[in-house]
Amino acid sequence: YIQNMMSLATSSILKEYQLSPHDIIYLKGKTRLLHYHSIKEKEKEEENNSKPLLIIYAPINRFHIMDLNPKRSVVRNLLSNGLDVYLLDLGYPTKEDDKLSLNDYIDYVKDAVQTILKKEKEEQQGQRQENKKISILGYCWGGILALIYTALEATKTTQSDDDNNNTVKSLALMATPVDFSKENTILAKWSKAVNIDKMIHEFGDMNGQILDLAFAMRNPPRYTFDKYFKLFKKLYDKEFVNTFIDVERWLYDTPPVPGNLHRQIINNCYKDNLLITNKMKVDDNYIDLRNITVPLLIIDAEKDDLVTTESAIAVSDYVSSNEKDFLKSPGGHVALCISDNAHEKLWPKAAKWIQSK
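Note that the structure is a prediction, hence the values are computed from the model and not measured.

Quick word on the overall build of the chain
- Each helix and strand counted, the chain has 14 helices and 14 strands in total.
- Here the chain holds 357 residues, and the buried ones make up 57% of them.
- Partitioning the contacts of the chain with sequence separation of at least 6, the portion at a separation of at least 24 is 80%.
- For the chain, the computed accessible surface area is about 16500 Å², with 50% contributed by carbon and sulfur atoms.

Next up, the structure:
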């Protein structure tokens, strides 16, 4: 049914993703690290002084929603506001990746950070060496990965009593669930109710089309009929139609989620809420959010029906950061990436916040 609806929406316009120019500077398995080219021509010194930002996208759907097209691109917005943007693409897993776990994904983040730091150091050769750190922006489950990595880095710093060991300069969490006792969305309730161990044992992974169906069924009239009526009403608006097709193409290009990873997040977070009680483990290390002291920015969507606001902002109660800031935007989970309001107001403010750290 979903494939038929997608065919109806895209039969007249087949388009490739219009990604911003970038280089792939790290590749491991299906995972890639993208380094985006600066939009504006800059002097070399200015380029070296730009703040590196690592975007960690979620292992659900593809990262393209962050760089949908030239007029609806969070990446381009951040670039135009002077940031040096990197993005961790977690790829399109296949059956051979079913055994990948949360440990593997945190290792991908570690590798990405070290790759960026190495590149930054090489570009500083012949100049005054600075101990550069990286700002991180995590989106949804990518925010969970960012939060876990930051907590582990903070723990390492605490144990060595040397701030130079910490690679994180600031942390921004975009529509990221943290306190799952406050997650009351339909998908969260389903996640808590389903026997995920039995499901993963049977199928090996979380099938992408099952996820597509779940996303649609959280509000069938809205996500299977209403949006197409809106499309037909605005067929005269070329930009709207192009963005609609781009979003639909992204929405129904959902890769499977490796079974071990999906099982860990559902059981440890949604069901047992271990993240906020500091009982969740990665590589035999407990994740202690209390050790996080870097500046924290929470980005929330007012009408998000995938992540509850109360769950997202609760992270401020569990970290030790002295600086905690909050940005919100009207609209839903995806509107954070594509709405006019987000691009005109939210992302310039977020970029300014990151630049100031």
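Examining the nonpolar core
- Ranked by internal contacts, the top residues of the largest apolar core, which has 104 residues, are Leu-54, Met-66, Leu-78, Leu-137, Ile-148 and Trp-347.
- Here this core takes ten residues from helix 5 (residues 141-160), the largest share from any one element.
- The next biggest cluster of nonpolar side chains, apart from the first, holds six residues, and it includes Tyr-228, Leu-231, Ile-245 and Tyr-252.

Quick notes on empty space enclosed by the protein
- Using the criterion set out here, one finds three cavities of 30 Å³ or more in the structure.
- Empty space within the largest cavity amounts to approximately 60 Å³.
- Tyr-57, Ala-58, Pro-59, Asn-61, Arg-62, Phe-63, Asp-89, Leu-90, Gly-91, Pro-93, Tyr-105 and Pro-255 are the residues that line the largest cavity.
- Each residue belonging to the lining of the largest cavity can be placed in one class, and the counts come to eight nonpolar, two polar and two charged.

Some thoughts on unusual backbone geometry
- Even without being glycine, Asn-61 reaches a positive phi, approximately 65 degrees.
- The buried category is assigned to Asn-61, whose relative accessible area is 9%.
- The phi dihedral of Asp-284 is positive, around 65 degrees, even though this residue is not glycine.
- Residue position: Asp-284 is located in the loop between strand 11 (281-282) and strand 12 (285-286).
- Judged by its relative accessible area of 66%, Asp-284 is exposed.

Overview of the pairing of strand 1 (residues 22-28)
- Here strand 1 pairs with strand 2 (residues 31-36) via six bridges, running antiparallel. What sits directly across from Asp-23, in strand 2, is His-35.
- With antiparallel pairing between neighbouring strands as the criterion, strand 1 and strand 2 make up a hairpin whose turn holds two residues, including Gly-29 at a positive phi of roughly 60 degrees.

Comments concerning helix 4 (residues 102-123)
- Between its first and last C-alpha, helix 4 extends 32 Å over 22 residues, near the 32 Å set by a 1.5 Å rise per residue.
- Of all the positions in helix 4, only Leu-102, Tyr-105, Ile-106, Tyr-108, Val-109, Ala-112, Val-113, Thr-115, Ile-116, Leu-117 and Glu-120 are classed as buried.

Things to note about a nonpolar patch on the surface
- A cluster of nonpolar side chains, contributed by Ile-186, Trp-190, Leu-213 and Met-217, occupies part of the molecular surface with about 360 Å² of accessible area.
- Sorting the residues of the nonpolar patch by element identifies helix 6 (186-193) and helix 8 (208-217) as the ones contributing at least two each.
- With respect to the element layout, Trp-190 can be found in helix 6.
- With a relative accessible area of 40%, Trp-190 lands in the partly exposed category.

Quick word on the pairing of strand 2
- The buried fraction of strand 2 is high, at five of six residues.
- Sheet topology note: the strand 2/strand 6 (residues 83-89) ladder contains four bridges and is antiparallel. Of the residues in strand 6, the one forming a bridge with Leu-34 is Leu-87.

Thresholds applied
- Residues numbered from 1 in each chain as written.
- Predicted model: local features only at pLDDT ≥ 70, side-chain atom pairs only at ≥ 80, totals over all residues.
- Heavy atoms only, no water.
- Helix = DSSP H or I, 4+ residues; strand = E, 2+ residues; numbered from the N terminus.
- Buried < 20%, exposed > 50% of the residue type's maximum accessible area, 1.4 Å probe, protein only.
- Contact = heavy atoms within 4.5 Å.
- Areas by Shrake-Rupley, 256 points an atom, 1.4 Å probe, with all protein chains shown as cover.
- Core = buried A, V, L, I, M, F, W, Y, C linked by side-chain atoms within 4.5 Å.
- 1 Å grid on protein atoms, 1.4 Å probe; cavity = no way out; pocket = protein on both sides within 12 Å on 5 of 7 lines; lining within 4 Å.
- Points joined across faces, edges and corners; volume = space filled by probe spheres on them.
- Nonpolar A, V, L, I, M, F, W, Y, C, P; charged D, E, K, R; others polar.
- Pairing = 2+ DSSP bridges.
- Expected span 1.5 Å × (residues − 1).
- Patch = residues over 30% accessible without salt bridge, like charges linked within 9 Å, V, L, I, M, F, W, Y side chains within 5 Å.
- Salt bridge = Lys/Arg side-chain N within 4 Å of Asp/Glu carboxyl O.

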